[in-house]
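Residue-level structure breakdown
Each chain is listed here by its residues.
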Amino acid sequence: FTISAWIRLADNSGSNTIFSANTTGGNDGTPYFTLVQSSGDTQYMQLGRISVGALNSDTFTLAVDTWAHVEVSVVSGTAYWFFNGTAQGSDSTGSYDFDFNRTGGGTVIGMQSWDTGPYSEFNGWIDDLIVKKGVGDHTSGFTPSTTELSYTANNSFTPVSIPAAQQVTDSPTD
């Protein structure tokens, strides 16, 4: 699978979740993709499962109020990390099950959520979020597209677990 997005942090402290599954019945291994502050502007990406464990990218510098592209692609059991198209390490997914199609709540953009409320809320902007099931886009560096995504009848875009009234097809602009 691939999860990618353009992001802009309003504050770089703590954890900022980009995408996660939402479950009921406790934090039973809920999968998530998040940014975690290491110190100052130094961040790393994390792909994990609550109460199970996590895989981490190498660290990189992301200043507040700066747009950046982040991606994790899982190909043949290996997670590949990218910041602005530059490789940030890789790690075997081993026995982790990163099934984002969880029961009890669907998927969540911008936070982790289970039972009692939101956690690790994203403090900033998320633009052009792409989630691809069964397709790992990259295993080496690339140039992220700067063309704005557009959803029309010809794109064969089919939302999953997101009611039409809650879909966002436009984004903030600078």
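Structure's up top.
The model shown is predicted, which means the values in this text are computed figures rather than measured ones. (Residues numbered from 1 in each chain as written. Predicted model: local features only at pLDDT ≥ 70, side-chain atom pairs only at ≥ 80, totals over all residues. Heavy atoms only, no water.)

Structural notes on the overall build of the protein
Assigned secondary structure in the protein consists of 0 helices and 13 strands. Starting at the N terminus, the α and β elements of the protein follow one another as β-β-β-β-β-β-β-β-β-β-β-β-β. For the protein, long-range pairs separated by at least 24 residues make up 62% of all intrachain contacts whose partners lie at least 6 apart in sequence. Approximately 8700 Å² of the protein is accessible, and the part contributed by carbon and sulfur atoms is 46%. (Helix = DSSP H or I, 4+ residues; strand = E, 2+ residues; numbered from the N terminus. Contact = heavy atoms within 4.5 Å. Areas by Shrake-Rupley, 256 points an atom, 1.4 Å probe, with all protein chains shown as cover.)

Side note on the pattern of salt bridges
Tallying each qualifying case throughout the model produces 2 salt bridges. Notably, a salt bridge pairs Asp 65 with Arg 8, separated by 3.6 Å at the nearest N-O pair. Within this pair, whereas Asp 65 is found in the loop between strand E6 (60-61) and strand E7 (68-75), its partner Arg 8 is found in strand E1 (residues 2-9), the two being separated by 57 residues in sequence. For Asp 65, a relative accessible area of 46% translates into the label partly exposed. Overall, Arg 8 belongs to the buried group, its relative accessible area being 16%. Two residues, Lys 132 and Asp 137, come together in a salt bridge whose shortest N-O distance is 3.0 Å. (Salt bridge = Lys/Arg side-chain N within 4 Å of Asp/Glu carboxyl O. Buried < 20%, exposed > 50% of the residue type's maximum accessible area, 1.4 Å probe, protein only.)

Focus on the sheet that holds E7
The antiparallel open sheet is built from 5 strands, whose spatial order is E9-E8-E7-E1-E13. The sheet is open, and its two edges are formed by strand E9 (86-92) and strand E13 (124-132), each paired on a single side. If you compare each strand with its neighbour and ignore which way they point, the axes differ by 15 degrees on average. Of the pairings in the sheet, the one linking E1 to E13 comprises 7 bridges and is antiparallel in character. (Pairing = 2+ DSSP bridges. Axes fitted to C-alpha atoms, helices over the stretch in contact; angles between N-to-C directions.)

Comments concerning the pairing of E1
The element E1 is largely enclosed, with a buried count of 8 among its 8 residues. Residue alternation in E1 divides its side chains into two sets, Thr 2, Ser 4, Trp 6 and Arg 8 and Ile 3, Ala 5, Ile 7 and Leu 9, and both sets are buried. Of the pairings in the sheet, the one linking E1 to E7 comprises 6 bridges and is antiparallel in character. Looking at the pairing, Ser 4 lines up with Glu 71 of E7.

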